[in-house]
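Structural overview for review
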Amino acid sequence: MARRAVLFDLGGVLFRPGLQHFLGSCEQDFALPRNFLRDVLFAGGSNSAYARVMKGQITLSQLFLELEQGCQQHASASNISLPPTFSVTRAFEEMAAKGTLNAPLLQAARVLRRNGFKTCVLTNNWVDDSGGRLATARLMNLLHRHFDLVLESCRLGAQKPEPDIYTRALEALQAKPQEVIFLDDIGQNLKPAQEMGMATILVRDTQAALKELEELSGVQLLTQEEPTPTACDPSNVTHGYVPIRPGVQLHFVEMGQGPVVCLCHGFPESWLSWRYQIPALADAGFRVIALEMKGYGESTAPPDVREYSQEQICKDLVVFLDKLGIPQTVLIGHDWGGAVVWNMALFYPERVRAVASLNTPYRPADPSVDVMEKLKSYPNFNYQFYFQEPGVAEAELEKDIGRTLKVLIRSTRQEDRLPSPLNLNAVQERGGLLVGFPDSPPASQILHGPELQYYIQRFEKSGFSGPLNWYRNMRPNWHWALTAKDRKIMVPALMVTAGKDVVLHPALSKGMEEWIPHLCREHIEECGHWTQMERQAELNRILVKWLEGLPTDAPLPKISRL
């Protein structure tokens, strides 16, 4: 029978050190006899402090009190003097603070999940009401994002190795024992699973465990290739809707807690373009808000072209922040979203903690030449002239939305290229952007399956008029930018260029330091235009490193009550 589900223990497997290792280490630190803490923790068997806390009968704080008293009594009975610094509570909290995620096994769980396996955390754990409960909350929040199921003994009233907890795990996964692999660092916990028919792995060494897991699952886990980051699913994120003014609302999705990071997508995209970044930034300790920009999907698409000028888009974004009670945010944009975040940093710097752009450079407005004339000097921007006449490009792009997206959103990998590349020159002369492409192009490697269908549904709802109207404000955008042509962007900034972007080529970003004194640069050579989807892991590393290196927020002034 084929394997189709994997159970992971938490302490000692996904998160280290485990309880057994912690007890031994604690005994050494306090110069206590071997098994001193074990004897206190497990005294009473099925009614021990350990058993009751694992079944949720008492909380972690109550466990601490019982253990402190139990250690004093056990020391007295054994003629042992406890050190003056001895504290069970502090030792547990230090254990939680020093604990680390087992990244290779967490990555393996993600790979298994993408290969069709159900993944579950089956853990003996406690109801944490202690001073260190925030660390527990963050850990559990992360697990719920990355696993199909998290089963906690303290919620079920049963603990490993009691057979009932394994039966309930199988029921929740709707799997037979022969279809399941179980990893734990305690052999006693594996025995009931073996007797039921599960395949088991005793985790002593991570690499050895990964090798066994690879053999049992048939999924390659020891490859040197970096695994694809976890993507969020539209059905598993929080959706919000902010009314900007009558007739205009913005849709967004949200994940995480901490300093706010707002993500702004480009054309022709969706908030889902950031699906690989949203969980990664949330895991790094940020509150991530991915906007669906005006004209797209569930955000409204007003018919007035002027609604899509950069000036109006930025005004709307300020209202969006106001209505969510966000005084300041980090803004990260791609393509047209990159233009928005640069303009926010230029015109509303007080609302911008820091700004980052993918592919889209910043250039101050040039008063010496009309912007449309200047665009003519860039052959690859010819498609933008084709976009100017209302209704023309809409008719072509909306005729077969699936075909449109499959042609436009592709990676630069050789195996993902169409027979003839997308030619952005002479689009008007050819009679359309997609002329010459097959009626049924092969699936794109970076946008396919459920994600492609989600995109199609969004554009079936919104159409392409709103997204194309962003291009129909070139002169208004230029005139607005001219009012700030001598300003500099002083907030911390990041520019990420992509070596294979044929439109927003890295060369266009030359000289940005003159206008952005605090600019950091990163470059991804083997990457085309769709950076978030094509080089997800590399981009995530760049963004997290930059975000974590930003100056901390200045203390807010005290505002007296009105």
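Relevant structure appears above.
The rules behind these values
Residues numbered from 1 in each chain as written. Predicted model: local features only at pLDDT ≥ 70, side-chain atom pairs only at ≥ 80, totals over all residues. Heavy atoms only, no water. Core = buried A, V, L, I, M, F, W, Y, C linked by side-chain atoms within 4.5 Å. Buried < 20%, exposed > 50% of the residue type's maximum accessible area, 1.4 Å probe, protein only. Helix = DSSP H or I, 4+ residues; strand = E, 2+ residues; numbered from the N terminus. Contact = heavy atoms within 4.5 Å. Axes fitted to C-alpha atoms, helices over the stretch in contact; angles between N-to-C directions. Parallel < 35°, antiparallel > 145°, perpendicular 65-115°, else oblique. Left-handed = near helix turned anticlockwise from the far one by under 90°. Nonpolar A, V, L, I, M, F, W, Y, C, P; charged D, E, K, R; others polar. Pairing = 2+ DSSP bridges. Disulfide = S-S within 2.5 Å. Salt bridge = Lys/Arg side-chain N within 4 Å of Asp/Glu carboxyl O.

Attention now goes to the nonpolar core. The tendency in soluble globular proteins is for nonpolar side chains to be buried side by side. Grouped together as the largest cluster of nonpolar side chains are 117 residues, with contacts concentrated most on Ile278, Phe320, Trp342 and Leu433. Among the elements that take part in this core, helix H14 (residues 336-347) stands out by supplying nine residues, more than any other. With sequence-adjacent residues up to four places away left out, Phe320 is seen in contact with Val242, Ile244, Leu250, Phe252, Ile289 and Leu291. Listed in part, the 30 residues of the second largest apolar core include Leu183, Ile201, Val203 and Leu221.

What follows is about the packing of helix H1 (residues 19-29) against helix H5 (residues 88-98). Interaxial distance between H1 and H5 falls to 11 Å at its minimum, and their mutual angle equals 125°. When the axis of H1 is compared with that of H5, the two are oblique. Seen from above, H1 lies across H5 with right-handed handedness. For the pair H1 and H5, contact is made by Leu19, Phe22 and Cys26 and by Ala91, Phe92 and Met95, respectively. A per-class count over the contact of H1 with H5 returns six nonpolar, no polar and no charged.

What follows deals with the packing of helix H4 (residues 60-77) against H5. Each pair of packed helices can be summarised by the angle the axes make with each other and by the distance between the axes. Running from amino to carboxyl end, H4 crosses H5 at an angle of 125°, the nearest separation of the two axes being 9 Å. Taken together, the axes of H4 and H5 are oblique relative to one another. Of H5, the residues touching H4 (which contributes Phe64, Leu67, Glu68 and Cys71) are Val88, Thr89 and Phe92. Class assignment for the residues of the contact of H4 with H5 results in five nonpolar, one polar and one charged.

Before going further, it helps to examine the sheet that holds strand E14 (residues 493-498). Ordered by their spatial adjacency, eight strands build an open sheet running E8-E9-E11-E10-E12-E13-E14-E15, and the pairing between neighbours is mixed. Two strands close off the open sheet at either side, each with one partner strand: strand E8 (238-245) and strand E15 (519-524). Direction aside, the axes of adjacent strands within the sheet are offset by 20° on average. The pairing of strand E13 (residues 352-358) with E14 spans four bridges and is classified as parallel. Bridge pairing in E14 places Leu358 opposite Val496.

On to the state of the cysteines. Inspection of every chain in the model, using the stated rule, returns zero disulfides. With no disulfide of its own, Cys232 lies 15 Å from the sulfur of Cys262, the closest cysteine sulfur. Looking at Cys232, the relative accessible area reads 8%, which means it is buried. A residue is classified by how much of its surface remains accessible, and Cys262, at 0% relative accessible area, is buried.

Below, the discussion takes up the environment of Val392. Mapped onto the fold, Val392 is located in helix H17 (residues 392-399). For the pair Val392 and Gly432, spaced 40 residues apart in sequence, the C-alpha separation works out to 8.7 Å.

Oppositely charged side chains can form a pair if their charged atoms are brought close together. As enumerated under the stated definition, the model contains 27 salt bridges in all. Close ionic contact of Arg145 with Asp283 constitutes a salt bridge, the shortest N to O distance being 2.2 Å. In this pair, Arg145 sits in helix H7 (residues 133-146) while Asp283 sits in helix H12 (residues 277-283), placing the two residues 138 residues apart along the sequence. For Asp283, a relative accessible area of 30% gives the class partly exposed. Two residues, Glu298 and Arg458, come together in a salt bridge whose shortest N-O distance is 3.1 Å. Here Arg458 lies in helix H20 (residues 449-462) and Glu298 lies in the loop between strand E11 (287-292) and helix H13 (310-323), a separation of 160 residues in the sequence. By relative accessible area, Glu298 is classed as partly exposed at 21%. Sharing partners across several salt bridges, the network here consists of Arg245, Lys294, Glu307 and Asp316.

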